Protein chains: 2
Amino acid sequence: MQLKLSQEAKIIDGKDIANKIKDELKEQISQYVAQGNRSPTLTAILVGSDPASQTYVKNKMIAAKYVGIVSNTIELPESTTQDELLNSIKKLNMDTGVDGILVQLPVPNHIDERTICNAVAPSKDVDGFNEVNVGRLALDMKTIVPATPLGVYELLRRTEISTFGKNVVVIGRSKNVGMPTAMLLHTDGNHESRGLDATVTICHRNTPPEQLRRHCKYADIIITAVGKPGLVQRDMVKPGACIIDIGITRVAAKEPGKTKLVGDVDFEEVRKVAGHITPVPGGVGPMTVAMLMSNTFMVAKTLAKARQVNNCNGTN
Amino acid sequence: MQLKLSQEAKIIDGKDIANKIKDELKEQISQYVAQGNRSPTLTAILVGSDPASQTYVKNKMIAAKYVGIVSNTIELPESTTQDELLNSIKKLNMDTGVDGILVQLPVPNHIDERTICNAVAPSKDVDGFNEVNVGRLALDMKTIVPATPLGVYELLRRTEISTFGKNVVVIGRSKNVGMPTAMLLHTDGNHESRGLDATVTICHRNTPPEQLRRHCKYADIIITAVGKPGLVQRDMVKPGACIIDIGITRVAAKEPGKTKLVGDVDFEEVRKVAGHITPVPGGVGPMTVAMLMSNTFMVAKTLAKARQVNNCNGTN
């Protein structure tokens with residue numbers, strides 16, 4: 001399959017944009033360190049031995065190394081108790097050598113995910129999952145935005161997709177992706193969070209299929225984060241619309257015994273009518289890792305500034 | 001004007017429903033006190049002498065007295081500094097005799113509203129404006145929900161308006177009303193916050209008028225919180241739709257020199273096609289006060305329980 005028709009959608013190359021962002025970060029961090037600051041640091045906690053989680057963490061560590069963030073993974077056994085995990089987080093919260101902290105989700109069933117997310121100090125919470133950071137996002141304040149919605153935001157911004165007053169449909173209402181994406185999209189561009197001023201419709205599992213279709217038909221931008229291959233079909237898409245596909249599902253490939261990753265969008269058909277479209281893989285996925293690095297550098301700078309202020313106050 | 005046509009909208013009598021809620025609260029609080037608990041208490045801080053704010057606070061205090069909440073208003077001069085106000089809040093936060101705390105908004109211009117909202121202890125924040133409570137709401141957790149969105153929620157619930165999978169348009173994206181209303185409406189009914197599982201479209205000042213019209217035309221429920229009389233017209237409303245009008249604007253009345261309050265909806269025309277409609281005044285307004293009382297009682301019970309646990313721990 002290759003691009004044949006000039007009216008086919010422009011593919012938004014998330015990998016390319018993510019690489020640019022990482023290169024920018026690498027440059028900025030290099031300058032930052034040259035100015036006498038210590039390198040930003042990122043510590044990941046991985047509980048148990050889920051292969052997918054191991055891969056995710058590994059990819060984050062590779063990206064960290066590339067941009068100049070010193071990273072460290074704490075691997076804890078599946079049998080770790082919630083209190084033990086909370087103690088590990090507490091130590092990292094207090095360690096001035098640690099900037100960003102992330103706990104790779106999901107955690108084992110005997111551990112309460114929300115308690116863990118809230119235990120990470122808001123100032124070090126590079127995933128943006130602490131309830132304080134979520135509250136600040138909902139209030140359009142400067143905060144740490146979860147990496148995937150922030151990746152979508154950057155994709156739209158860098159592809160110069162117009163959002164002001166446009167109709168956006170967000171499919172999926174998850175707290176890590178759908179909700180914060182809807183928040184960034186509908187809010188006021190003059191506020192601290194620099195919202196995108198779109199009219200946003202939030203659809204989810206209880207939206208009747210014919211209503212989902214109708215909402216999508218009128219959308220200038222469709223952002224889907226469900227994990228349901230083929231959910232967004234060609235006849236649901238307005239010609240020229242921008243399609244951002246955050247869904248990731250592993251399905252059987254044509255070759256026997258092989259698998260492949262697909263999104264929520266019927267890519268080969270929808271690309272024939274859309275104006276812009278992200279592929280899966282290679283769309284939002286790489287952006288998530290890049291924005292996590294961006295969050296880590298932001299956290300490092302903010303913490304360094306706070307330490308300086310504290311030191312100055314201490315000598316006065 | 002009187003109801004003539006059987007197909008005219010059912011008027012949702014917010015005053016009546018609010019009175020019922022206050023009577024229920026009065027009964028519950030009376031039982032609670034009879035069980036040996038001290039009466040719930042509510043302290044309002046009023047900075048300056050804005051007549052509208054004074055009226056709002058007075059109405060809250062009257063409602064408090066009615067339901068059996070002991071209330072107190074701290075009146076501070078317009079010249080109060082931010083630090084002075086923060087100190088007053090701090091004292092109330094630490095005072096175990098104080099349950100609910102509210103700072104009547106707006107505060108004078110030289111005081112930062114967000115700093116004040118965040119200074120109220122989340123556990124006593126009966127307005128639900130602290131960033132922690134906002135974060136918990138955005139995460140569908142049990143929290144203190146701002147009184148107006150909670151009033152809308154109760155109006156819909158008690159009028160038995162179906163919301164599951166329905167199309168809802170929320171007009172207005174304010175942090176105290178529009179945003180939390182959209183949150184309660186679109187979220188999962190199985191989560192702690194008992195969301196209403198609707199498909200929600202958030203419209204705002206940057207939604208083009210023709211798009212607002214189109215979204216409204218398909219809405220089963222329109223909730224408007226803008227403060228723009230005549231914004232929602234008859235030809236924008238689907239026959240049978242439910243109209244919740246949170247707008248309040250004071251306009252000139254027909255009688256010379258007189259004024260009256262109106263909402264965002266062309267009430268006399270829209271009532272001819274809608275299925276349900278709230279009047280202004282007498283719709284959402286009274287619900288706000290009732291839900292503030294409900295929040296105060298909830299806060300009082302939670303704090304009392306926490307004191308008991310603390311006391312038990314203390315004697316162990």
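The name an unreviewed UniProt entry gives chain A is methenyltetrahydrofolate cyclohydrolase, with Ceratitis capitata as the organism. Recorded under Catalytic activity (unreviewed entry), the UniProt text for chain A is reproduced unchanged: "(6R)-5,10-methenyltetrahydrofolate + H2O = (6R)-10-formyltetrahydrofolate + H(+)". What UniProt states about chain A under its Subunit (unreviewed entry) heading is, verbatim, "Homodimer."

Another aspect to go through is the sheet that holds strand E1 (residues 10–11) of chain A. Sheet architecture is open: 12 strands sit in the order E1(A)-E11(A)-E8(A)-E7(A)-E5(A)-E6(A)-E6(B)-E5(B)-E7(B)-E8(B)-E11(B)-E1(B), paired in mixed fashion. A single partner strand is all that each edge strand has here, and the edge strands are E1 of chain A together with strand E1 (10–11) of chain B. Here strand E6 (residues 199–203) of chain A pairs with strand E6 (residues 199–203) of chain B via three bridges, running antiparallel. Bridge pairing in E6(B) links Thr201(A) to Thr201(B).

Turning to helix H8 (residues 209–217) of chain B, its buried residues are Gln211(B), Leu212(B), Arg214(B), His215(B) and Cys216(B). Residues of H8(B) that are buried make contact with strand E5 (167–171), E6 and helix H8 (209–217) of chain A together with strand E5 (167–171), E6 and strand E7 (221–224) of chain B.

Turning our attention to the packing of helix H1 (residues 14–34) of chain B against helix H6 (residues 147–158) of chain B. Residues and elements named next belong to chain B. Packing of H1 against H6 brings their axes to within 11 Å, and their N-to-C directions diverge by 100°. Looking at the two axes, H1 sits roughly perpendicular to H6. Seen from H1, the contacting residues are Gly 14, Ile 17, Ile 21 and Glu 24; seen from H6, they are Glu 154, Leu 155 and Arg 158. Here the residues of the contact of H1 with H6 sort into three nonpolar, one polar and three charged.

Reading guide: rules and limits
- Residues numbered from 1 in each chain as written.
- Chains lettered and ligands numbered in written order.
- Predicted model: local features only at pLDDT ≥ 70, side-chain atom pairs only at ≥ 80, totals over all residues.
- Heavy atoms only, no water.
- UniProt positions renumbered as here; feature names shortened; annotations may be inferred.
- Pairing = 2+ DSSP bridges.
- Helix = DSSP H or I, 4+ residues; strand = E, 2+ residues; numbered from the N terminus.
- Buried < 20%, exposed > 50% of the residue type's maximum accessible area, 1.4 Å probe, protein only.
- Contact = heavy atoms within 4.5 Å.
- Axes fitted to C-alpha atoms, helices over the stretch in contact; angles between N-to-C directions.
- Parallel < 35°, antiparallel > 145°, perpendicular 65-115°, else oblique.
- Nonpolar A, V, L, I, M, F, W, Y, C, P; charged D, E, K, R; others polar.

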